[in-house]
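Architecture at a glance
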Amino acid sequence: MKFLAFTCCLIINTALCCEVSVRYESYVSPNQMRIPLEYHGLDVDFARALLEVAECRANFVSLPWARAIEMMKLGKLDMMTSISDRPERHFFMSFIGPQRQETIVFAMDKDNLIELYSVEDLATTPRPVAVHTGAYYGDAFSELLQKKENQRQFITVVDNSHKIAMLKQGRISGFLEEKYNLAYQMMHNEEFAHIVINPFIVNTEPVYFAISKHSPKTELVERLQIAFESKEYQIKRQAILKKYQLD
């Protein structure tokens, strides 16, 4: 039955029979968001490229990270991008990839520069460090976060706009973020005009496309895996890496 559904879509040659909900999060606050919402950036390009090859259409849904994880568990969201392959996530996610290499860095205010030489230095910054609720920043940071004495040093936030606002207000020393997402926003988003990237790398590892195991689209994993392994997608992938200077 799965193969039949897949074949029918290929014969019809349309994405209408395959609409995939994909998590997206904006880097601006809701009151600054343009209507209609313009989906753009590194992960949007990757998701669109993979889904186009699979003859599917992306339905981007603006969601905070932690809420998206919960929706994946319930099958209310089909797909997330740039997510680490962690054992505890295998209960409700299937992973396709690797999508790309992720590099986690520390973003700080240009007028309040901080020197970092190790992950442990994040526990000694003058003000707290903001991190996404439910996000993974590497084993070394996870160990640091679990220490009782560091509980007040790290603030969890639900979305990107909170991190930016808190940094502007001087409530945090900085926040953790993916390096190339930051670089893109610094070039295209005036909200990031006051931000600089600390050269220290907090963590780097492959990240993946994740598909909910509880999604009603039961054929989706097989379909996207075939698309991922195709020459057509790999050509698109290299073009995206070159666009963002990741090649």
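Everything below is about the structure printed above this text.
So, here's what we can say about the structure. (Residues numbered from 1 in each chain as written. Predicted model: local features only at pLDDT ≥ 70, side-chain atom pairs only at ≥ 80, totals over all residues. Heavy atoms only, no water.)

Scanning the model with the defined rule gives one disulfide in all. The partner cysteine of cysteine 18 in its disulfide is cysteine 56, sulfur to sulfur 1.9 Å. The sign of the 75° torsion about the S-S bond sets the cysteine 18-cysteine 56 disulfide as right-handed. Here the residue cysteine 18 occupies a position in the loop between α1 (2-12) and β1 (19-24), and cysteine 56 occupies one in the loop between α2 (42-53) and β2 (57-62), the gap between them amounting to 38 residues. You'll find cysteine 18 and cysteine 56 in the same group, each marked buried. (Disulfide = S-S within 2.5 Å. Helix = DSSP H or I, 4+ residues; strand = E, 2+ residues; numbered from the N terminus. Buried < 20%, exposed > 50% of the residue type's maximum accessible area, 1.4 Å probe, protein only.)

Now for helix α8 (residues 231-243). Taking 1.5 Å of rise per residue, the 13 residues of α8 would be expected to cover 18 Å, and the 19 Å separating its terminal C-alpha atoms lies within 8% of that figure. The set of residues buried in α8 consists of Tyr233, Arg237, Ile240 and Leu241. For α8, the arc enclosing every buried residue in end-on projection is 100°, short of the 170-degree limit, so these residues lie on one face. The exposed residues of α8 that point more than 90 degrees off its buried face are Lys231, Ile235, Lys242 and Lys243. On its buried side, α8 packs onto α2, β4 (93-109), β8 (195-212) and α7 (220-228). (Expected span 1.5 Å × (residues − 1). Arc of directions from axis to C-beta. Contact = heavy atoms within 4.5 Å.)

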